[in-house]
Amino acid sequence: MSSIAPRLLLVIAHRGSTSAILENTLRGIGRALAVGVDAIEVDVRLSADGVPVLLHDPTLDRTTDGRGPVSAQPVAALRRLAAGGDEPVPTLAEALTTIGNRTDLIIELKGGGPGGIRLADRVVTEVRRQDRSRDVWLWSFDSDILARLDIVARDLRIVHLCYEPNAEVVNRSRALRLAGIAMQYEHASPPTVAALHDEGFATFVWTVNDPVDLARLVRLPLMGIVSDDPERVRTAIRSRR
């Protein structure tokens, strides 16, 4: 098994920002672009009227001045709420336009069931509308969403999010011919990462902020590291070299 890290290790801004206060906001995306990350990860859910919006939680309470389920509100109502202090809840369309072709965008599709299937369809439609297929990754924990993406987005890079890349995750990723697997960093042992790398999966870890953990992880054959602190990741990469 290979123990050599890939030439390019993507530094990925967690939840679209380098600041927890600005997670999943256009201002946060702007800050991440300003520091020069290799990719930006955002979380996407569907509004009641079927518009993909940037929100991590199933409810509005933590990151906006609203209350209740995201899925119960039409996009017009979500746009009247403040996220990250003083801006409306952004749509995926706005995020794609803001980023343009300046960096890769990782879209984590949240939820499951029939709503997850609709979300997959709407996200893929927007990515194609803005002609962003070449620099977008689609990530999800949900098996139904992943299966739907395999049908409607076979040409896009699809990644199985997981806590641990156990046999079920790996077998599903093989069966769906997914591009990669993204695991919680505690489970990224050298044998595990090397085996996934040798099998052809682009392998990612999330969410890594501690310098000691980063020093270990940058020596593995990973495709990318998701972090709240991109500069710490860059420091670890420089130290490895």
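Residues numbered from 1 in each chain as written. Predicted model: local features only at pLDDT ≥ 70, side-chain atom pairs only at ≥ 80, totals over all residues. Heavy atoms only, no water.

**Description of the packing of aromatic side chains**
This is how the line gets drawn: Between the rings of Phe, Tyr and Trp (Trp by its six-membered ring), a pair exists once the centres lie within 6.5 Å; its type follows the angle of the planes, with under 30 degrees stacked, over 60 edge-to-face, and the other angles tilted. Runs of H or I in DSSP of at least four residues are treated as helices and runs of E of at least two as strands, each being numbered from the N terminus.
Taken as a whole and assessed by the stated rule, the structure comprises 5 aromatic pairs. Taken together, a centroid distance of 6.0 Å and an interplanar angle of 85° make the contact between Phe-141 and Trp-206 edge-to-face. One end of the pair, Phe-141, is in the loop between β7 (136-140) and α5 (143-152); the other, Trp-206, is in strand β10 (residues 202-206), with 65 residues separating them in the sequence. Site record: aromatic cluster; members linked through ring pairs are Trp-137, Trp-139 and Phe-204.

**So, the environment of Arg-177**
Rule in force here: When accessible area is computed with a 1.4 Å probe and restricted to protein chains, residues below 20% of their type maximum are described as buried, those above 50% as exposed, and intermediate ones as partly exposed.
Within the secondary structure, Arg-177 sits in the loop between α6 (167-175) and β9 (180-184). On the basis of relative accessibility, which here comes to 54%, the residue Arg-177 falls in the exposed class. Separated by 147 residues in the primary sequence, Arg-177 and Gly-30 have C-alpha atoms spaced 33 Å apart.

**With respect to the pattern of salt bridges**
Cut-off, in case you're wondering: Definition used for salt bridges: Asp or Glu carboxyl oxygen within 4 Å of a side-chain nitrogen of Lys or Arg.
Inspection of every chain in the model, using the stated rule, returns 18 salt bridges. We note a salt bridge from Arg-129 to Glu-126, for which the minimum N-O separation is 2.7 Å. Separated by 3 residues within a single helix, Arg-129 and Glu-126 lie in helix α4 (residues 113-129), roughly one turn from each other. Between Asp-150 and Arg-154 there is a salt bridge whose closest N-O contact spans 2.1 Å.

**A short note on the layout of surface pockets**
Put simply, the rule is: In this analysis a 1.4 Å probe is tested at points of a 1 Å grid over the protein atoms alone, and where it fits but cannot get out there is a cavity; an open set with protein on both sides within 12 Å along at least five of seven lines is a pocket; lining residues have an atom within 4 Å of a point. Grid points are joined across faces, edges and corners, and a volume is the space filled by probe spheres set on the points. Amino acids are sorted into nonpolar (Ala, Val, Leu, Ile, Met, Phe, Trp, Tyr, Cys and Pro), charged (Asp, Glu, Lys and Arg) and polar (every other residue, Gly among them).
Of the pockets and cavities examined, the largest pocket occupies roughly 250 Å³. Forming the walls of the largest pocket are 16 residues, and the residues nearest its centre are Arg-45, Leu-46, Ser-71, Gly-115 and Gly-116. Elements with a minimum of two residues in the lining of the largest pocket: β2 (39-46) and α4. Element by element, the count of residues in the lining of the largest pocket is highest for α4, at 4 residues. Each pocket or cavity is described by its volume, and for the second largest pocket that value is around 190 Å³. Surrounding the second largest pocket, 13 residues form its lining, His-14, His-56, Glu-108, Phe-141 and Trp-206 being those nearest its centre. Its residues placed into classes, the lining of the second largest pocket shows 5 nonpolar, 3 polar and 5 charged.

**Notes on empty space enclosed by the protein**
Enumeration according to the criterion identifies 1 cavity of 30 Å³ or more in this entry. Empty space within the largest cavity amounts to approximately 40 Å³. Residue lining of the largest cavity: Glu-23, Asn-24, Thr-25, Leu-54, Leu-55, His-56, Thr-63, Ala-83 and Gly-84, and that is the complete set. Residue composition of the lining of the largest cavity, by class: 3 nonpolar, 5 polar and 1 charged.

**Examining the packing of helix α3 (residues 92-99) against α4**
Counted only if it meets this: Angles shown run from 0 to 180 degrees and are taken between the N-to-C directions of axes, each axis being a line fitted to C-alpha atoms and, for helices, limited to the stretch in contact. Angle categories are assigned with fixed cut-offs, so that under 35 degrees is roughly parallel, over 145 is roughly antiparallel, 65 to 115 is roughly perpendicular, and the rest are oblique. A clockwise turn of the near helix away from the far one marks a right-handed crossing, whereas an anticlockwise turn of less than a right angle marks a left-handed crossing. Every residue pair with non-hydrogen atoms within 4.5 Å of one another is taken to be in contact.
For the pair α3 and α4, the least separation of the axes is 10 Å and the interaxial angle reads 30°. Between α3 and α4, the angle is such that the two are roughly parallel. Crossing angle aside, the handedness with which α3 passes α4 is right-handed. Across from Leu-92, Ala-93 and Leu-96 in α3, the residues of α4 making contact are Val-123, Glu-126, Val-127 and Arg-129. Partitioning the contact of α3 with α4 into residue classes produces 5 nonpolar, no polar and 2 charged.

**Brief notes about the confidence of the model for the protein**
To keep it simple, the criterion reads: Looking at any residue, its pLDDT shows the predictor's confidence there, from 0 to 100.
On average, the protein scores 94 in pLDDT, and the residues at 70 or more come to 97%. Contacts from residues 1-6, a stretch scored under 50 in pLDDT, to residues over four places away or in other chains number 20 contacts.

**Quick word on α3**
Cut-off, in case you're wondering: Of all possible arcs, the one meant is that of the directions from the helix axis to the C-beta atoms.
Among the residues of α3, those classed as buried are Leu-92, Ala-95, Leu-96 and Ile-99. Viewed end-on, α3 has its buried residues packed into an arc of 95°, placing them on one side of the element. Against α1 (26-35), β2, β3 (52-54), β6 (104-109), α4 and β7 lie the buried residues of α3. One or two positions beyond α3, positive phi appears at Gly-100, with a value near 60°.

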